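A look at the structure
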Amino acid sequence: MQIILFRHGDFYDWETNTQVNFDAVRSAVTIGSYDGVHLGHRAILARLVKSAKKQGLRSVLITFEPHPRLVLRREKKRQLKLITTFEEKKSLLAPLGLDVVLVLEFDKAFSEIPAQTFVKDILVKRVGLADIVIGYDHNFGKDRQGTIETLNSLSQLYGFTVEETAEQLVHGKHVSSTIIRGLLEAGEIDEVNHLLGRPFRLTGKVVEGFKVGRTIGFPTVNLELTNPYKLIPKSGVYVGDVSINGVCYRSMMNIGFKPTVTNEHKLSIEAHILNFDKDLYGQTLSFALIYRIRDEIKFVNLQALKTQLESDKRVAASFKREFTCF
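A brief report on the enclosed structure follows. All residue numbers refer to positions counted from 1 along the written sequence of the respective chain. It should be noted that, the model being predicted, local features are given only for residues of pLDDT at least 70 and side-chain atom pairs only at 80 or more, the latter also being counted only at that level, while totals for whole chains, interfaces and linings use all residues. Side-chain measures were taken over the full set of non-hydrogen atoms in the model, leaving aside hydrogen atoms and water.

Glancing now at the overall build of the protein. A tally of regular secondary structure across the protein gives ten helices and 15 strands. Here the C-alpha coordinates of the protein stretch approximately 75 × 40 × 35 Å along the principal axes. Each accessible area value is a Shrake-Rupley result obtained with a 1.4 Å probe; residue values ignore everything except the protein chains displayed when judging cover. On the protein, roughly 16,300 Å² of surface is accessible, and the fraction owed to carbon and sulfur atoms is 49%. In this tally, Lys and Arg are treated as positive and Asp and Glu as negative; His is ignored, and so are the chain termini. Every charge is mapped onto a representative atom, which is NZ of Lys, CZ of Arg, CG of Asp or CD of Glu. Each charge class in the protein can be summarised by its mean position, and for the 44 positive and 37 negative side chains these summaries are 2 Å apart. Strands are runs of DSSP state E lasting at least 2 residues, helices are runs of H or I lasting at least 4, and numbering of each runs from the N terminus.

Quick look at the structure:
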């Protein structure tokens, strides 16, 4: 899978940021932010890849960085948080059979491009659009005025075909990135993982914390997330899996404000890794969250906290699901 950045009219290799040639080869294309790369997304991409192979076309996913809502809605108090960072998205897309992921650098100027201009000047002339696989409710272009009807009309003018995909359902339920974000904010991690088709992950660098856990027999690693726009699930205690040097370990993770040990209203993410007690400072770890044990609680003292943590540890240790490290 090749990753190409389109910026101000030129193409660049994503990894090296060097300018490259990107020919307008006949391509099957789909467009979207694809935050989460959930099961609905995967169904569309599977159809795209299958259609491309059948017609002898190049398969191209066109996506955006940063997410358009981060650019267009900055003035709003509640800013968008992402299910997947771009690095996570890359790793999730890699095994899906795409030929190219074309990343359009999204800024205010790009948002002003009318839908018809976008199709004519970018999709047709620069990419080589021959077939587009698109959702029934997808909108694009300036003020999101482009619709499936727009594409059907332009397809006759520019000689490409349009494949409209129906509402994406998982076991009869609608699936979308917006729904998954809401479920994460509610702490519904089981349903989130069901719609993603994989465990939701938090990735960060191990940094120093207050080290209170060590004094009560529960040393923790404190995570500093690698992307400020990553969506953090509802506060509480979770069961999670983490891979360290190729070995998978179960853990219990606390997301919250640690009200028993500090009055600072600063969100922290820390995990006690079962059967592991080595220095991990400076390392980057990725935790797969698989079960929510309980809400975060303020205890009367450290002994009460320790008693609850022992109970949480038994839940995590006895959790029957197989390890989810990957």
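The subject of this paragraph is the packing of helix α7 (residues 177-185) against helix α8 (residues 189-196). Between two packed helices, what matters for the description is the angle formed by their axes and the separation of those axes. For helices, the axis comes from a line fit to the C-alpha atoms of the stretch in contact; other axes are also lines fit to C-alpha atoms, and the angle between any two N-to-C directions lies between 0 and 180 degrees. Their axes nearest at 8 Å, the elements α7 and α8 cross at an angle of 155°. Viewed along their axes, α7 and α8 adopt a mutual orientation that is roughly antiparallel. Of the two elements, α7 crosses α8, and the hand of that crossing is left-handed. Contacts between α7 and α8 involve Ile179, Ile180, Leu183 and Leu184 on the former and, on the latter, Ile189, Glu191, Val192, Leu195 and Leu196. For this classification, under 35 degrees means roughly parallel, over 145 means roughly antiparallel, 65 to 115 means roughly perpendicular, and everything else is oblique. It is the rotation of the near helix from the far one that decides the hand of a crossing: anticlockwise by less than a right angle makes it left-handed, clockwise makes it right-handed. Contacts were defined at the residue level, with two residues in contact if any of their heavy atoms lie within 4.5 Å.

What follows concerns the packing of aromatic side chains. Pairing of aromatic side chains requires ring centres within 6.5 Å, counting the rings of Phe and Tyr and the six-membered ring of Trp. Pairs whose planes differ by under 30 degrees are stacked, by over 60 edge-to-face, and all others tilted. According to the stated counting rule, one finds ten aromatic pairs in the structure shown. Centre to centre, the rings of Trp14 and Phe86 are 4.5 Å apart; their planes meet at 40°, and the pair counts as tilted. In this pair, Trp14 sits in the loop between β2 (10-13) and β3 (27-31) while Phe86 sits in helix α3 (residues 86-93), placing the two residues 72 residues apart along the sequence. Its relative accessible area of 9% is what places Phe86 among the buried residues. By the ring-pair criterion, three or more aromatic residues cluster together here, those being Phe64, Phe106, Phe110, Phe118 and Phe140. Positioned over the ring face of Tyr12 is Arg7, at 4.2 Å from the centre of the ring. Exposure is judged per residue with a 1.4 Å probe applied to protein chains only, and the accessible area is read against the type maximum: over 50% gives exposed, under 20% gives buried, and values in between give partly exposed. Geometrically, a lysine NZ or arginine CZ counts as sitting over a ring once it is within 6 Å of the ring centre and also within 35 degrees of the ring normal.

If you walk across this open sheet you meet the seven strands as β2-β1-β5-β4-β3-β6-β7, and the pairing is mixed. This sheet does not close on itself; its edge strands, each paired only once, are β2 and β7 (161-165). In this sheet, neighbouring strand axes are inclined to one another by 25° on average, regardless of whether the strands run parallel or antiparallel. Sheet strands touched by helix α6 (residues 148-158): β6 (129-135) and β7. Its angle to β7, the strand with the most contacts, is close to 160°. Following DSSP output, two strands are said to pair if at least two bridges run between them.

What follows deals with unusual backbone geometry. With omega at -5°, the peptide bond leading from Glu65 into Pro66 counts as cis. For Pro66, the location among the structural elements is in the loop between β4 (58-65) and α2 (68-72). We note that Lys258 has phi near 45°; this positive angle belongs to a residue other than glycine. Tracing the sequence through the fold places Lys258 in the loop between β13 (247-256) and β14 (268-273). For Lys258, a relative accessible area of 13% puts it in the buried group.

Definition used for salt bridges: Asp or Glu carboxyl oxygen within 4 Å of a side-chain nitrogen of Lys or Arg. Taken as a whole, this structure holds 13 salt bridges when the rule is applied. Between Glu15 and Lys90 there is a salt bridge whose closest N-O contact spans 2.9 Å. Residue Glu15 is found in the loop between β2 and β3, and its partner Lys90 is found in helix α3; the two are separated by 75 residues along the sequence. Residue classification places Glu15 among the exposed positions, given a relative accessible area of 57%. Residue classification places Lys90 among the buried positions, given a relative accessible area of 14%. The salt bridge partner of Arg214 is Asp277, with a shortest N-O separation of 3.4 Å. One end of the pair, Arg214, is in helix α9 (residues 212-215); the other, Asp277, is in the loop between β14 and β15 (284-294), and 63 residues separate them in sequence. Judged by its relative accessible area of 46%, Arg214 falls in the partly exposed class. Salt bridges sharing common partners tie together Glu15, Glu87 and Lys90.

So, about the sheet that holds strand β11 (residues 221-225). Within a sheet, each strand pairs with its neighbour through backbone hydrogen bonds, oriented either parallel or antiparallel. Pairing is antiparallel around the closed barrel formed by six strands, whose spatial order is β10-β11-β14-β13-β12-β15. Within the sheet, the average angular offset between the axes of one strand and its neighbour, ignoring direction, is 45°.

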